[in-house]
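Chain by chain, the residues run as shown.
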2 protein chains.
Amino acid sequence: MPATFRNHLEKFIEINDDEYAEISTYFTQASVRKKENLLEEGQICRSHFFVLSGCLRKFFINDKGVEQTTEFAIENWWITDNMAYERQQSTGFFIQAVEPSEVLVISHDAQEALLRNVPAMERYFRFVYQRAYAASQMRIKYLYDYSREDLYYHFHDHYPEFVQRIPQYLLASFLGFTPEYLSEIRSKRRS
Amino acid sequence: MPATFRNHLEKFIEINDDEYAEISTYFTQASVRKKENLLEEGQICRSHFFVLSGCLRKFFINDKGVEQTTEFAIENWWITDNMAYERQQSTGFFIQAVEPSEVLVISHDAQEALLRNVPAMERYFRFVYQRAYAASQMRIKYLYDYSREDLYYHFHDHYPEFVQRIPQYLLASFLGFTPEYLSEIRSKRRS
DNA sequence: CGGTCTCTTGACGGAGTTCAAAGCTAGTGG
DNA sequence: CCACTAGCTTTGAACTCCGTCAAGAGACCG
């Protein structure tokens, strides 16, 4: 496994060479092409993905047949359908590469074993979920607090490099409105 | 500390009497009256609350001066402003008792020490945050997928005892719309 | 170059908000 | 135990944000 993952782990926990060697045995690595799916609606959600490079998104298809993006994952983020993963049930989501990406993959069984056998990883994942939960709570606050227009400007100012990186229609999908309305917002400020 | 907390812990981890005795030393217990605040906007968020009985809610006040409820916590749920708690920063939220409640309180410092000294609690909190994160993700999905009316019926069918328990205007606030609109929705079905 | 994918523009419609006022309910004190 | 008040819920009218639909203009890739 690439050194970037070890560096990432060491931001949270201390590990020695032996431990890292053991941790490595639980993961596999995969390359995904743009638009390739790592998870599809109806499948059992067996894997948890860690993004080494590139960008993934999670989306579902609503009753009008429109893709609704609920999450992006870039370098050093974990992504899966956590509810379906935890219960090993079928998912309502797709996980797709927005860019060509490199990911680490761990199966649910492997993750359980890893947590049992390497206690430091309990601590690591406690941090990961704690931060993810806190971020998710703030996201919910913004969804309540901001208008669609405000959401766009907030995201635009907070993650400018991200707005550069992904197409507008995915950004609109993530922010919960239509590409047409995003276009309207952008034209307002230009004038 | 009441046995209900030990029962709750033992759904996730195994602990013996000595461990439970140690765990107990990190917590204090508090009674809160209806409408009493456990946290107020502008304060440093120092505590994490576990609800033994009763019901708490978390809300913020938006730019129009309206209270927006983002979360309820009933028996066996944890609640705090996780982002502010983690960073020991000032919060933008209030946490208030909806009903007379009994809570366990742990400070940030105490929680850190507890996690260091009782490894089983790393595992416990990993579970807690993992589930909370998964639930939060599903909540976000619903916010994207459902109309306000659908949100009401979804909540109504999924947590009927909860709809009984809390006043309508808090439910409207939690679902992200006005009491007037909730009233309109309800009158539709009655006819 | 040709075709498909992405972004823009404008007209119209509908879900949900705002404001105001009146009815209802529940807690409180006398 | 009743009466009063404050807080909660309902109703209706006007308004706004944002979605839908349709059509055109760029832009990217083979």
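Anything mentioned here points back to the structure above.
For clarity, every value in this text was computed on a predicted model and none was experimentally measured.

Asker: How would you explain the overall build of chain A if you had to name every residue and give the values?
Answerer: Within chain A one finds nine helices and eight strands. The C-alpha atoms of chain A give a radius of gyration of 18 Å, which matches the 16 Å a tight globule of 191 residues would have. Once the C-alpha set of chain A is aligned to its principal axes, its extents read approximately 60 × 35 × 30 Å. Scored against the burial criterion, the 191 residues of chain A give a buried share of 52%. Here the contacts in chain A between residues at least 6 apart in sequence split such that 69% fall between residues at least 24 apart. Between the averaged position of the 22 positive side-chain charges in chain A and that of its 27 negative side-chain charges there is a distance of 6 Å.

Asker: Give a detailed account of the packing of helix H6 (residues 148-158) of chain A against helix H8 (residues 168-175) of chain A, specifying residues and quantitative values.
Answerer: Residue and element names in this part refer to chain A. The geometry of H6 relative to H8 is characterised by a closest axis approach of 10 Å and an angle of 120 degrees between their N-to-C directions. Here H6 lies oblique to H8, going by the angle between them. Pair H6 / H8 crosses with right-handed handedness. For the pair H6 and H8, the contacting residues are Arg148, Leu151, Tyr152 and Phe155 in the first and Leu171, Phe174 and Leu175 in the second. The residue makeup of the contact of H6 with H8, split by class, is six nonpolar, no polar and one charged.

Asker: Go over the interface of chain A and chain B, please, and point to the residues and values.
Answerer: Each partner contributes to the interface: chain A provides 37 residues, whereas chain B provides 37 residues. Summing the contributions of chain A and of chain B, the shared interface buries around 3800 Å²; its carbon and sulfur component is 60%. Broken down residue by residue, the surface that chain A buries against chain B is led by Arg126, Tyr133 and Tyr144 of chain A, which jointly contribute 20%. For the pair chain A and chain B, the number of links is four salt bridges. Ionic pairing is found between glutamate 122 of chain A and arginine 123 of chain B, a salt bridge with its closest N-O pair at 2.3 Å. Here chain A is connected to chain B by 13 residue pairs in polar contact (both at pLDDT 80 or more). At the level of secondary structure, the elements contributing two or more residues to the side of chain A that touches chain B comprise strand E4 (56-61), strand E5 (67-73), helix H3 (82-87), helix H4 (108-117), helix H5 (119-145) and H8 of chain A. Here the residues of the side of chain A that touches chain B sort into 16 nonpolar, 10 polar and 11 charged.

Asker: Run through the sheet that holds strand E6 (residues 78-79) of chain A, naming residues and quoting values.
Answerer: All names here are of chain A. With antiparallel pairing, four strands are arranged side by side in an open sheet as E1-E8-E3-E6. For this open sheet the edge positions go to strand E1 (28-32) and E6, each flanked by a neighbour on one side alone. Note: strand E3 (residues 47-53) against E6, two bridges, orientation antiparallel. Each residue of the ladder has a partner; that of phenylalanine 50, found in E6, is tryptophan 78. Helix-sheet contacts for H4 involve E3 and strand E8 (101-107), and the interaxial angle to E8 is about 70 degrees.

Asker: How would you explain the relation of the copies chain A and chain B if you had to name every residue and give the values?
Answerer: Under the fitted operation, chain A is carried onto chain B by 0.0 Å of movement along the axis and a turn of 180 degrees, and the coordinates agree to an RMSD of 0.0 Å. Put plainly, the chains are arranged around a two-fold axis. A share of 100% of the interface residues of chain A reappears at the interface of chain B, consistent with the copies meeting face to face through the same patch.

Asker: Give me the pairing of E5 of chain A: which residues, what numbers.
Answerer: Residues and elements named next belong to chain A. E5 sits mainly inside the fold: six of its seven residues count as buried. Judged from the six bridges that link them, E4 and E5 form a sheet pairing that is antiparallel. Note that in E5 the partner of phenylalanine 60 across the bridge is glutamine 68. Linking E4 to E5, which pair antiparallel, is a turn of five residues; within it glycine 65 sits at a positive phi near 85 degrees.

Asker: Explain the protein's contact with DNA strand D to me, and be specific about the residues and the numbers.
Answerer: Close to DNA strand D lie 17 residues, the nearest being Arg148 and Tyr181 of chain A together with Gln168, Tyr169 and Ser183 of chain B. For DNA strand D, the backbone makes up 81% of the atoms found within 4 Å of the protein, where backbone means sugar plus phosphate. A distance of 3.0 Å is found between a sugar or linking oxygen of DNA strand D and a side-chain nitrogen or oxygen belonging to serine 183 of chain B. Only helix H9 (179-190) of chain A together with helix H8 (168-175) and helix H9 (179-190) of chain B provide two or more residues apiece to the surface near DNA strand D. Residue contributions to the surface near DNA strand D peak at five residues, all from H9 of chain B.

Asker: I'd like a rundown of the pattern of salt bridges, residues and numbers included.
Answerer: Any two side chains of opposite charge can pair if their charged atoms end up close together. Going through the model one piece at a time under the given rule, you end up with 20 salt bridges over all chains. A salt bridge links glutamate 122 of chain A to arginine 126 of chain B; its shortest N-O distance comes to 2.8 Å. Within this pair, whereas glutamate 122 of chain A is found in helix H5, its partner arginine 126 of chain B is found in helix H5 (residues 119-145), the two belonging to separate chains. Each member of the pair, glutamate 122 of chain A together with arginine 126 of chain B, is buried. The shortest N-O distance in the salt bridge between arginine 57 of chain B and glutamate 67 of chain B comes to 2.7 Å. Residue arginine 57 of chain B is located in strand E4 (residues 56-61), and its partner glutamate 67 of chain B is located in strand E5 (residues 67-73); the two are separated by 10 residues in the primary sequence. Glutamate 67 of chain B gets classed as partly exposed once you look at its relative accessible area, which sits at 34%. Put simply, Arg6, Glu10 and Asp17 of chain A are held in one network by salt bridges that share partners.

The rules behind each value
- Residues numbered from 1 in each chain as written.
- Chains lettered and ligands numbered in written order.
- Predicted model: local features only at pLDDT ≥ 70, side-chain atom pairs only at ≥ 80, totals over all residues.
- Heavy atoms only, no water.
- Helix = DSSP H or I, 4+ residues; strand = E, 2+ residues; numbered from the N terminus.
- Rg over C-alpha atoms; globule rule 2.2 N^0.38 Å.
- Buried < 20%, exposed > 50% of the residue type's maximum accessible area, 1.4 Å probe, protein only.
- Contact = heavy atoms within 4.5 Å.
- Lys, Arg positive; Asp, Glu negative; His and termini not counted.
- Charge placed at Lys NZ, Arg CZ, Asp CG, Glu CD.
- Axes fitted to C-alpha atoms, helices over the stretch in contact; angles between N-to-C directions.
- Parallel < 35°, antiparallel > 145°, perpendicular 65-115°, else oblique.
- Left-handed = near helix turned anticlockwise from the far one by under 90°.
- Nonpolar A, V, L, I, M, F, W, Y, C, P; charged D, E, K, R; others polar.
- Buried area = accessible area lost by both parts, 1.4 Å probe.
- Salt bridge = Lys/Arg side-chain N within 4 Å of Asp/Glu carboxyl O.
- Polar contact = N/O pair within 3.5 Å; in protein donor to acceptor, adjacent residues only side chain to side chain.
- Pairing = 2+ DSSP bridges.
- Least-squares fit on C-alpha atoms with pLDDT ≥ 70 in both.
- Near = heavy atom within 4 Å.

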